[in-house]
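Per-entry structural report
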2 protein chains.
Amino acid sequence: MVSIFSKIVLGEIPCYKIAETTDYLAFLDVFPLTTGHVLVIPKQETDNIFDLDNEQFAGLHLFSKIVADAVRKAIPCKKVGVAVIGLEVPHAHIHLVPINEVGDINFAKPKLKPAPEELAATAQAIRHFIA
Amino acid sequence: MVSIFSKIVLGEIPCYKIAETTDYLAFLDVFPLTTGHVLVIPKQETDNIFDLDNEQFAGLHLFSKIVADAVRKAIPCKKVGVAVIGLEVPHAHIHLVPINEVGDINFAKPKLKPAPEELAATAQAIRHFIA
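Residues numbered from 1 in each chain as written. Chains lettered and ligands numbered in written order. Predicted model: local features only at pLDDT ≥ 70, side-chain atom pairs only at ≥ 80, totals over all residues. Heavy atoms only, no water.

**Some points on the overall build of chain A**
In plain terms, the rule: Only DSSP runs of H or I reaching four residues or more are called helices, and only runs of E reaching two or more are called strands; each is numbered from the N terminus. The quantity called the radius of gyration is restricted to C-alpha atoms. Its globule counterpart is 2.2 Å times the number of residues to the power 0.38. Accessible area is worked out with a 1.4 Å probe on protein chains only. A residue is then buried under 20% of its type maximum, exposed over 50%, and partly exposed in between.
Broken down by element type, chain A carries 3 helices and 5 strands. Along chain A, helices (α) and strands (β) appear in the sequence α-β-β-β-α-β-β-α when read from the amino end. Compactness check: chain A gives a C-alpha radius of gyration of 14 Å against a globular reference of 14 Å for 131 residues, within 12% of the reference. Dimensions along the principal axes, computed over C-alpha positions, put chain A at roughly 35 × 30 × 25 Å. Buried residues in chain A amount to 53% of all 131 residues.

Right, dumping it as structure tokens:
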């Protein structure tokens with residue numbers, strides 16, 4: 001089955017894109033834990049992130065570092081937190097979440113539901129800092 | 001100020017070691033979220049993980065991949081979750097946490113307090129699968 005993230009990669013489902021390379025894609029989580037919450041994925045559909053080969057695994061993380069640097073410049077926060085959970089969508093993804101307290105990364109709590117205009121503005125603010 | 005993790009690197013504070021290279025160290029979190037919760041650190045003391053240079057950043061993650069592969073072989077779980085928070089100890093560290101539900105990664109909830117014998121057995125079980 002094609003994952004929802006592969007549908008985003010294919011352009012069948014739209015996204016608020018932050019950055020893209022041949023192998024990787026970063027876009028806003030539309031139900032963020034905090035404002036500026038970004039998902040970073042390999043375009044290659046792999047369930048478990050640790051099943052990526054070393055080159056793809058390192059490349060994905062170096063790509064996420066570029067994105068995280070832009071997030072921390074765009075979004076006021078103490079740190080950009082990182083989480084990989086992988087229990088819901090079977091397509092490896094790294095969550096980058098602007099955090100101010102340890103409880104900000106808790107996927108069991110209710111998510112935000114920002115309006116499209118707000119998501120578009122957040123994406124634009126982060127893209128501004130992508131080198 | 002020398003971080004508690006640098007004291008572990010220097011051997012001033014003992015740890016339940018999982019794996020070590022010249023640049024990186026993995027050891028059990030003694031107050032784990034779940035059994036098998038491991039911390040992976042660069043020996044170089046850097047507060048924000050995204051401030052590591054690309055070589056150290058990629059190397060740290062590739063080292064964490066080896067450790068995560070051992071954790072998932074040793075500890076029954078659905079996935080090995082990953083988290084980087086960084087609000088408490090100012091020395092970058094990756095949490096590898098065996099998870100079965102999304103709420104398993106929540107640093108605001110009470111931690112486990114396993115007995116030393118239990119920690120030693122967990123460390124030995126994971127080390128068994130380090131290549």
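Following the structure, the description resumes.
**Notes on the side chain of His91 of chain B**
Residue and element names in this part refer to chain B. Convention followed: Any pair of N or O atoms that falls within 3.5 Å is considered a polar contact. Within protein, one atom must be able to donate a hydrogen and the other to accept it, and sequence-neighbouring residues count only if both atoms are side-chain atoms. Contacts are assigned to residue pairs that have any heavy atoms within 4.5 Å of one another.
Among the secondary structure elements, His91 is positioned in the loop between strand 4 (79–84) and strand 5 (94–99). Overall, His91 belongs to the buried group, its relative accessible area being 0%. Engagement of the side chain of His91 in a polar contact is seen with the side chain of Ser6, the distance being 3.5 Å. When residues no more than four places from it in sequence are discounted, the contact partners of His91 are Ser3, Phe5, Ser6, Ile41, Pro42, Lys43, Gln44, Glu45, Thr46 and Asp47.

**Details of the pairing of strand 1 (residues 17–20) of chain A**
For a regular strand, side chains alternate in direction, first toward one face of the sheet and then toward the other. Residue and element names in this part refer to chain A. To keep it simple, the criterion reads: When DSSP locates at least two bridges between a pair of strands, those strands are taken to pair.
Relative to strand 2 (residues 24–28), strand 1 is paired through 3 bridges, and the arrangement is antiparallel. Across the sheet, Lys17 pairs through a bridge with Phe27, a residue of strand 2. With antiparallel pairing between neighbouring strands as the criterion, strand 1 and strand 2 make up a hairpin whose turn holds 3 residues.

**Comments concerning the interface of chain A and chain B**
Applicable threshold: Accessible-area loss on putting two parts together, using a 1.4 Å probe and summing over both, is the definition of buried area adopted here. Within this document, salt bridges are pairs made up of a side-chain nitrogen of Lys or Arg and a carboxyl oxygen of Asp or Glu, the two lying within 4 Å of each other.
If you look at the interface, chain A gives 37 residues, while chain B gives 37 residues. Roughly 3,100 Å² is buried in total at the junction of chain A and chain B, and carbon and sulfur atoms are behind 65% of that figure. The largest per-residue losses of area from chain A upon contact with chain B belong to Phe50, Lys79 and Val102 of chain A, which jointly make up 24% of the total buried on that side. Applying the counting rule to chain A against chain B returns 4 salt bridges. Residue Asp47 of chain A is joined to Lys79 of chain B by a salt bridge in which the shortest nitrogen-to-oxygen separation is 2.8 Å. Elements that contribute at least two residues to the side of chain A that touches chain B include exactly helix 2 (54–74), strand 4 (79–84) and strand 5 (94–99) of chain A. With 10 residues, the single largest contributor to the side of chain A that touches chain B is helix 2 of chain A. In terms of strand pairing, strand 4 of chain A meets strand 4 of chain B through 3 bridges, oriented antiparallel. Opposite Val84 of chain A, over in strand 4 of chain B, you have Val82 of chain B as the bridge partner.

**Some words on the sheet that holds strand 3 (residues 38–42) of chain A**
So the rule is basically this: Axis definition: a line fitted to C-alpha atoms, over the contacting stretch in the case of helices. Angles run 0 to 180 degrees between N-to-C directions.
The 10 strands are arranged 1(A)-2(A)-3(A)-5(A)-4(A)-4(B)-5(B)-3(B)-2(B)-1(B) in an open sheet whose pairing can be described as antiparallel. A strand with exactly one partner marks an edge of an open sheet, and here the two such strands are strand 1 of chain A together with strand 1 (17–20) of chain B. Shown here is a sheet whose adjacent strand axes are inclined to one another by a mean of 20°, direction ignored. The strands touched by helix 3 (residues 116–127) of chain A within the sheet are strand 1, strand 2 and strand 3 of chain A, with strand 1 of chain A carrying the most contacts at an inclination of about 35°. Its contacts with the sheet place helix 3 (residues 116–127) of chain B against strand 1, strand 2 (24–28) and strand 3 (38–42) of chain B, and it is angled at close to 35° to strand 1 of chain B.

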